[in-house]
Amino acid sequence: EAQVTQNPRYLITVTGKKLTVTCSQNMNHEYMSWYRQDPGLGLRQIYYSMNVEVTDKGDVPEGYKVSRKEKRNFPLILESPSPNQTSLYFCASSPNGRNYGYTFGSGTRLTVV
Amino acid sequence: ILNVEQSPQSLHVQEGDSTNFTCSFPSSNFYALHWYRWETAKSPEALFVMTLNGDEKKKGRISATLNTKEGYSYLYIKGSQPEDSATYLCAFPYGNKLVFGAGTILRVKS
């Protein structure tokens, strides 16, 4: 089954404790992206990747890192999480990021206390 | 900052009503317009990607139209059912980013 797999689904952590949210797709898509969703603000793009070793900032990149060492994986790294990063996070992939629909992962609800 | 605007913000209709929502986007540098359906506790699912002015797409009772010259798209739902209750998002590719509108929340009462 074609899918984007995100883990974990839920995570509660403490301020400053590094964490990684994993994302993997099995569709051989070139383009992958991370979004966060906050009430009243809609989906905002954090980082995206056009291909292996090619990543770029979205609209809200502060406090996040990503890497794209393999085509299928695009982990989101929070080096020192803070409470304002409490949010619902989605990973998504697409053949080219423009004229094909995105496939979303199931989401990660992160709480930083 | 690119603005993708959706209206109305929310809509409550009765089962069997037909309804429509609007997405407004910049008419310059148009490449495509996406529509997604997002049910509570699930992840967004692509409905349509539209690329041509005058394009019309249909999926069951849901259809969409596109006017790239004036920068808007309409999503129509014919004979709404309770299972149509969801947030409907439109999104606009801008450079290498996909910018989402805030969505229209649809609630269908039986």
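Structure's up top.
Rules behind the numbers
- Residues numbered from 1 in each chain as written.
- Chains lettered and ligands numbered in written order.
- Predicted model: local features only at pLDDT ≥ 70, side-chain atom pairs only at ≥ 80, totals over all residues.
- Heavy atoms only, no water.
- Helix = DSSP H or I, 4+ residues; strand = E, 2+ residues; numbered from the N terminus.
- Rg over C-alpha atoms; globule rule 2.2 N^0.38 Å.
- Contact = heavy atoms within 4.5 Å.
- Areas by Shrake-Rupley, 256 points an atom, 1.4 Å probe, with all protein chains shown as cover.
- Pairing = 2+ DSSP bridges.
- Disulfide = S-S within 2.5 Å.
- Patch = residues over 30% accessible without salt bridge, like charges linked within 9 Å, V, L, I, M, F, W, Y side chains within 5 Å.
- Salt bridge = Lys/Arg side-chain N within 4 Å of Asp/Glu carboxyl O.
- Buried < 20%, exposed > 50% of the residue type's maximum accessible area, 1.4 Å probe, protein only.
- Buried area = accessible area lost by both parts, 1.4 Å probe.
- Polar contact = N/O pair within 3.5 Å; in protein donor to acceptor, adjacent residues only side chain to side chain.
- Nonpolar A, V, L, I, M, F, W, Y, C, P; charged D, E, K, R; others polar.
- Axes fitted to C-alpha atoms, helices over the stretch in contact; angles between N-to-C directions.
- Phe/Tyr/Trp six-rings, centres within 6.5 Å; stacked < 30°, edge-to-face > 60°.
- Lys NZ or Arg CZ within 6 Å of the ring centre and 35° of its normal.

Novice: Explain the overall build of chain B to me, please; I cannot follow it from the model alone.
Specialist: Summing up its helical and strand segments, chain B has 0 helices and 11 strands in all. From first element to last, N terminus to C terminus, chain B shows the α and β order β-β-β-β-β-β-β-β-β-β-β. The C-alpha atoms of chain B give a radius of gyration of 13 Å, which matches the 13 Å a tight globule of 110 residues would have. For the C-alpha atoms alone, the extent of chain B along its principal axes is close to 40 × 30 × 20 Å. At a minimum sequence separation of 6, the contacts of chain B that also span at least 24 residues come to 52%. By element, 45% of the accessible surface of chain B is carried by carbon and sulfur atoms, the whole surface being about 5,600 Å².

Novice: Got a minute to help me understand the sheet that holds strand S7 (residues 65-66) of chain A in this structure?
Specialist: Strand-to-strand pairing in sheets goes through backbone hydrogen bonds, with the strands running parallel or antiparallel. In spatial order, the strands read S1-S3-S8-S7 (chain A); together these 4 strands make up an open sheet with antiparallel pairing. Taken across any chain shown, the strands that pair with only one partner, and hence form the sheet edges, are strand S1 (4-7) and S7 of chain A.

Novice: Sorry, what's going on with the pairing of strand S5 (residues 45-50) of chain B here?
Specialist: In regular strands, side chains alternate between the two faces of the sheet. Residues and elements named next belong to chain B. As paired elements, strand S4 (residues 33-38) and S5 share 5 bridges and run antiparallel to each other. In the sheet register, Leu-33 faces S5, and the bridge partner there is Met-50. Taking the residues that link successive antiparallel strands as the turn, the S4-S5 hairpin has 6 residues, and the phi of Ala-41 there is positive, at about 70°.

Novice: How should I be thinking about the state of the cysteines in this particular structure?
Specialist: Note on terminology: disulfide describes a covalent bond linking the sulfur atoms of two cysteines. All names here are of chain A. Following the criterion strictly, the structure yields 2 disulfides over all chains and no others. Bridging Cys-23 to Cys-91, the disulfide has an S-S length of 1.9 Å. One disulfide, between Cys-23 and Cys-91, carries an S-S torsion of -70° and so falls in the left-handed class. One end of the pair, Cys-23, is in strand S3 (residues 19-25); the other, Cys-91, is in strand S9 (residues 87-94), with 68 residues separating them in the sequence.

Novice: Where do I start with a nonpolar patch on the surface in this structure?
Specialist: Residue and element names in this part refer to chain A. On the surface, a cluster of nonpolar side chains totalling about 310 Å² of accessible area is made up of Ile-12, Val-14 and Val-113. Note that Val-14 resides in the loop between strand S2 (10-13) and S3. Judged by relative accessible area, which is 45%, Val-14 ranks as partly exposed.

Novice: Sorry, what's going on with the interface of chain B and chain A here?
Specialist: A common way to express how large an interface is: the accessible area buried when the components associate. Facing 18 residues of chain B, the contacting portion of chain A comprises 20 residues. For the pair chain B and chain A, the two sides together bury roughly 1,700 Å², of which 60% comes from carbon and sulfur. In this assembly, chain B and chain A are joined by 1 salt bridge. The partner of Asp-59 of chain A in a salt bridge is Lys-97 of chain B, and the shortest N-O contact between them spans 3.1 Å. Across the contact surface, chain B and chain A share 8 residue pairs in polar contact (both at pLDDT 80 or more). Along the lines of polarity and charge, the residues of the side of chain B that touches chain A split into 11 nonpolar, 5 polar and 2 charged.

Novice: Is there a simple way to think about the sheet that holds strand S3 (residues 19-24) of chain B in this case?
Specialist: Residues and elements named next belong to chain B. Reading across from one edge, S1-S3-S8-S7-S6 is the order of the 5 strands in this open sheet, with antiparallel pairing throughout. Edge strands, defined here as strands with exactly one partner in the open sheet, are strand S1 (5-7) and strand S6 (56-59). Put simply, the sheet's adjacent strands are angled 15° from each other on average, direction ignored. Sheet topology places S3 next to strand S8 (residues 72-77); 6 bridges connect them, and they run antiparallel. By the bridge assignment for S8, Thr-19 is matched with Ile-77.

Novice: Could you clarify how one ought to interpret the packing of aromatic side chains in this entry?
Specialist: Each aromatic ring pair is specified by the distance between its two centres and by the angle formed by the two planes. According to the stated counting rule, one finds 17 aromatic pairs over all chains in the structure shown. With 6.2 Å between their ring centres and 65° between their planes, Phe-104 of chain A and Phe-100 of chain B make a pair best called edge-to-face. Here the residue Phe-104 of chain A occupies a position in strand S10 (residues 103-104), and Phe-100 of chain B occupies one in strand S10 (residues 97-100), the pair thus bridging two chains. Feature note: the residues Tyr-31, Tyr-35, Tyr-48, Phe-90, Tyr-102 and Phe-104 of chain A together with Tyr-36, Trp-38 and Phe-100 of chain B constitute an aromatic cluster, connected by ring pairs. When the ring centre of Tyr-31 of chain B is taken as reference, the NZ or CZ atom of Arg-98 of chain A above it lies at 4.5 Å.

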